[in-house]
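Here are the chains, one letter per residue:
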Amino acid sequence: WYDVVRVPATNLFTGTWTTQMWLQFDFWESNFVAGAVQFRWQSATNSSVWRAAIPIPSSLETWTTIGQGLRYWTDWQYPGATEAQYLADLQTVDWVGVYIYRNTADEQIYGVDNFRLMIPEPAECFMLVAVVISSGISLRRRRRKKKSG
């Protein structure tokens, strides 16, 4: 048994997808650990489905937050994939979803909640740069005090 739970990409974001973004969701397993879990997405201009394997949580009856970045094209694969194709397809994402494979005939319940696309805000990037610069200035001042003192 397997299933792909998916939503149109426009439900998450209507702009251009970039390698700075990442996908995230909460996952729950009732009584059996899943055989495989993957993030999946497809471009509107390409019939191939990009997929990234997710380390399967081993904890049962507990929500686990799982994430996968879009930065490294090698984390995402389909037969014959290239970096150029990945970047082109990322410009026209049609749908995104979660693939779940159950490797047992026994009844199983999986939960997917809070599926979201994480987008770094420009202010976050600015704050990170400001912290690095201020840390460097502070370190430089300490070194000067040690030399003069």
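It should be noted that the structure appears before, not after, this text.
The text that follows walks through the structure, step by step, so that each part is easy to find. Each residue is numbered by its place in its chain's sequence as written, counting from 1. Since the coordinates come from a predicted model, pLDDT governs what is reported: local features require at least 70, and pairs of side-chain atoms require 80 or more to be given and counted, while whole-chain, interface and lining totals use all residues. Side-chain metrics in this entry use all non-hydrogen atoms of the structure; hydrogen atoms and water are not considered.

## Examining the environment of Glu 29
- Looking at where Glu 29 falls in the secondary structure, it is placed in strand β2 (residues 22-29).
- On a C-alpha basis, the gap between Glu 29 and Ile 137 in space is 48 Å, while along the polypeptide they are 108 residues apart.
- Within polar-contact distance, the side chain of Glu 29 engages the backbone nitrogen of Ala 34 at 2.7 Å. Helix and strand labels come from DSSP, where a helix needs a run of H or I of at least four residues and a strand needs a run of E of at least two; each type is numbered from the N terminus. Two N or O atoms count as a polar contact when they lie within 3.5 Å, although within protein this holds only if one can serve as hydrogen donor and the other as acceptor, and sequence-adjacent residues are included solely when both atoms are side-chain atoms.

## Section: helix α1 (residues 83-90)
- Whether a residue is buried, partly exposed or exposed follows from its accessible area with a 1.4 Å probe, protein chains only, as a fraction of its type maximum: under 20%, in between, or over 50%, in that order. Looking at α1, one finds that the buried residues are Tyr 86, Asp 89 and Leu 90. All buried residues of α1 lie within an arc of 100° about the axis, which places them on one face of the element.
- Close packing links the buried residues of α1 with β3 (36-43), β4 (49-53) and β6 (93-101). Throughout, the arc means the angular range of directions from the helix axis out to the C-beta atoms. A contact between two residues is defined here by any heavy atoms of the two lying within 4.5 Å.

## Topic: the sheet that holds strand β5 (residues 64-69)
- In spatial order, the strands read β5-β2-β7; together these three strands make up an open sheet with antiparallel pairing. A strand with exactly one partner marks an edge of an open sheet, and here the two such strands are β5 and β7 (110-118). Each adjacent strand pair in this sheet contributes to an overall mean axis angle of 20°, direction not counted.
- In the sheet, β2 pairs with β5 via six bridges, with the strands oriented antiparallel. Bridge pairing in β5 places Asp 26 opposite Thr 65. Two strands are counted as paired when DSSP detects at least two bridges linking them. Axis definition: a line fitted to C-alpha atoms, limited for helices to the stretch in contact. Angles are taken between N-to-C directions and run from 0 to 180 degrees.

## Some points on the sheet that holds β3
- What the four strands build is an open sheet, ordered β1-β6-β3-β4; its pairing is antiparallel. Strands with a single pairing partner mark the edges of an open sheet, and in this sheet they are β1 (2-8) and β4. Each strand axis lies, on average, 25° off the axis of its neighbour in the sheet, ignoring direction.
- Of the pairings in the sheet, the one linking β3 to β4 comprises five bridges and is antiparallel in character.

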